[in-house]
Amino acid sequence: MLSQSVENFVKAVYSLQKSDEWVGTSRLANALGQRPASVTNMAQKLAKSEDGLLIYQAYKGVKLTETGTSVALEVIRHHRLIELYLSKQLGVPWDKVHDEAEKLEHVISEDLEDRMAAALEDPTIDPHGAPIPTKDGHVAPRPSVPLASVEPGHVVEVVEVNDHDAQLLRYLGELDLYPGNRFSVLGRESFGQSISIERDGKPTSLGEEAVPHIFVTVIGEIEKKKDPE
């Protein structure tokens, strides 16, 4: 059985490896909140272990093996299932489920995982819109674009939001910007990244610190109001 620290390590590598084949130890240290030297030592240790979770190369960093990827996806599946179960079955607010899932993802049994999945009718996304890996490690793609890239004049639907900041989630909840909800992009501030939006006929401003953490799909253009005859 792998330790919690090892599971967290491979999970962090997986999250950073989406765009880069090799993950630098400095980036990994920043993601884990550890010193680069400690991360390098862990990477070297895991690369030499019989578990075969990752490959390490000096000056390049690390990348997961097929085995390491499977471990990471299993931990992520546990985490996102727990988040959804806490949210839907127990009514835990969406800004609190991440921290609870971080604690529980390493200790639930495969039987409990299966029972939660069955109770939730085999869900595909967590409360924040992130895809839940299947039992066999498949992750269904969810096409989206950063909200910051959407030009004013379009209607968008929230696909996913970053779940690591509870304050951000409370803020987005107050604006009713949950995955699946739609809003109109009205305008963009000339300085900074804050944007003007409209949700259910209510205009408001979305702060620049929140915008980079929201991913959407563009539904279409805002319908222009007809001039009275």
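Cut-off values and rules
Residues numbered from 1 in each chain as written. Predicted model: local features only at pLDDT ≥ 70, side-chain atom pairs only at ≥ 80, totals over all residues. Heavy atoms only, no water. Axes fitted to C-alpha atoms, helices over the stretch in contact; angles between N-to-C directions. Helix = DSSP H or I, 4+ residues; strand = E, 2+ residues; numbered from the N terminus. Left-handed = near helix turned anticlockwise from the far one by under 90°. Contact = heavy atoms within 4.5 Å. Nonpolar A, V, L, I, M, F, W, Y, C, P; charged D, E, K, R; others polar. Domains from an automatic or database assignment. Buried area = accessible area lost by both parts, 1.4 Å probe.

1. Brief notes about the packing of helix H1 (residues 4-16) against helix H2 (residues 25-32)
To characterise two packed helices, one gives the angle between the axes of the helices and the distance between these axes.
Point 1. Closest axis-to-axis distance for the H1/H2 pair is 10 Å, and the angle between their directions is 115°. The element H1 and its partner H2 pack so that their crossing is right-handed. Mapping the contact onto sequence places Asn 8, Phe 9, Ala 12, Val 13 and Leu 16 in H1 and Arg 27, Leu 28, Ala 31 and Leu 32 in H2.
Point 2. Here the contact of H1 with H2 is composed, by residue class, of seven nonpolar, one polar and one charged.

2. Some details on the domain arrangement of the chain
Point 1. The domains assigned to the chain are domain 1 (4-64), domain 2 (74-141) and domain 3 (145-221).
Point 2. Between the C-alpha centres of domain 2 and domain 3 the distance comes to 25 Å.
Point 3. With ten residues of domain 2 at the interface, the matching set in domain 3 holds 13 residues.
Point 4. Summed over the three residues of domain 2 that lose the most area to domain 3, namely Trp 94, Asp 95 and His 128, the buried surface amounts to 65% of that side.

3. Considerations on the environment of Ser 87
Point 1. By secondary structure assignment, the location of Ser 87 is in helix H4 (residues 66-88).
Point 2. A sequence separation of 13 residues divides Ser 87 from Glu 100, and the C-alpha atoms of the two residues are 11 Å apart.
Point 3. In contact with Ser 87, other than residues within four places in its own chain, are Val 92, Val 97 and Pro 127.

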